[in-house]
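Breakdown of the fold
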Amino acid sequence: MSTAGFRQAADPAPVSLREAMAQFATGITVVTAPGERCHGMTANAFSSVSLEPPLVLCCISRTARMHAAIMSSRTFAVSMLGADQEHLARYFADRSRPNGVAQFDAVDWVPGPRTGAPLLSGSLAWLECELAESYDGGDHSIFLGRVLDSRRIPDQKALVFYAGAFHRVA
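Not measured: the values here are computed from a predicted model.

Rules used throughout
- Residues numbered from 1 in each chain as written.
- Predicted model: local features only at pLDDT ≥ 70, side-chain atom pairs only at ≥ 80, totals over all residues.
- Heavy atoms only, no water.
- Helix = DSSP H or I, 4+ residues; strand = E, 2+ residues; numbered from the N terminus.
- Polar contact = N/O pair within 3.5 Å; in protein donor to acceptor, adjacent residues only side chain to side chain.
- Salt bridge = Lys/Arg side-chain N within 4 Å of Asp/Glu carboxyl O.
- Buried < 20%, exposed > 50% of the residue type's maximum accessible area, 1.4 Å probe, protein only.
- Core = buried A, V, L, I, M, F, W, Y, C linked by side-chain atoms within 4.5 Å.
- Contact = heavy atoms within 4.5 Å.
- Pairing = 2+ DSSP bridges.
- 1 Å grid on protein atoms, 1.4 Å probe; cavity = no way out; pocket = protein on both sides within 12 Å on 5 of 7 lines; lining within 4 Å.
- Points joined across faces, edges and corners; volume = space filled by probe spheres on them.
- Nonpolar A, V, L, I, M, F, W, Y, C, P; charged D, E, K, R; others polar.

Comments concerning the side chain of serine 79
- Inspection of the secondary structure puts serine 79 in strand β6 (residues 75-80).
- Looking at serine 79, its side chain comes within polar contact range of the main-chain nitrogen of leucine 120, at 3.0 Å.

A few points about the pattern of salt bridges
- In the structure shown here, the tally under the stated rule is five salt bridges.
- For glutamate 130, the salt bridge goes to arginine 146, with nearest N and O atoms at 2.4 Å. Linking glutamate 130 in strand β9 (residues 125-137) with arginine 146 in strand β10 (residues 140-152), this pair joins segments that are 16 residues apart in sequence.
- Overall, the relative accessible area of 34% leaves arginine 146 in the partly exposed class.
- Here aspartate 149 makes a salt bridge to arginine 151, at a shortest N to O gap of 3.0 Å.
- A relative accessible area of 18% places aspartate 149 in the buried class.

Some details on the nonpolar core
- If you look at the biggest cluster of nonpolar residues, it comprises 17 residues, and the most contacted ones within it are Val31, Ile60, Met66, Ile70 and Phe76.
- Of all the secondary structure elements, the ones that give two or more residues to this core are β2 (29-33), β3 (39-43), β5 (54-61), α2 (65-73), β6, β9 and β10.
- Leave out the neighbours within four places in its chain, and isoleucine 70 touches Val31, Ala33, Ile60, Thr75, Phe76, Leu131 and Phe143.
- Residues Ile28, Cys38, Phe92 and Leu120 belong to the second largest nonpolar core, which totals 13 residues.

A word on the pairing of strand β11 (residues 159-162)
- Bridge count for strand β1 (residues 26-27) against β11 is two bridges, and the pairing is antiparallel. Each residue of the ladder has a partner; that of threonine 26, found in β11, is phenylalanine 161.
- As paired elements, β11 and strand β12 (residues 165-168) share four bridges and run antiparallel to each other. Bridge pairing in β12 places leucine 159 opposite arginine 168.
- Connecting the antiparallel pair β11 and β12 is a turn made up of two residues, with alanine 163 showing a positive phi of about 55°.

Considering the layout of surface pockets
- Roughly 1300 Å³ of volume is contained in the largest pocket.
- Together, 32 residues line the largest pocket, and Arg18, Thr42, Ala43, Asn44 and His140 are the ones closest to its centre.
- Contributions of two or more residues to the lining of the largest pocket are made by α1 (17-21), β3, β5, α2, α3 (86-93) and β11.
- The biggest single contributor to the lining of the largest pocket is β3, with five residues.
- Broken down by class, the residue content of the lining of the largest pocket amounts to 18 nonpolar, nine polar and five charged.
- Quantified by volume, the second largest pocket comes out at close to 150 Å³.
- Mapped onto the lining of the second largest pocket, the elements with two or more residues apiece are β1 and β11.

Right, here's the structure in full:
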């Protein structure tokens, strides 16, 4: 293996998992759940799993309101945020916002045609999912969702999270 052009730090410092993972750029989503426990939450622990069958996953803390909302409704939706939607990422990360469906009064959204879960207007893409499986992931649950419907708006830029801050893809 050639090491030409590769420069390693003289003495890499040990860091926490949180500090190490901050170096991994991720897209930003808002996960929503419909029903009695209607709720929205900013999340970057989200990934595609399979195209056939269409599966995605999101990781949710067991103590989060979203955890109970997904377990109750057995469905969820994902709005992938665009570069101009940082305000939505911050809003759905703010624990002082209203509870229940009232938290959506401050944002533009439509109910998903398959699940009724809120889909945030202007997002890059939306997915509606039914809960296929739930796995133990330490202090989180790994929710595996079967994608029921997906839509996108073409030619938009993404919002990403890297090194503890929001960034726009150029």
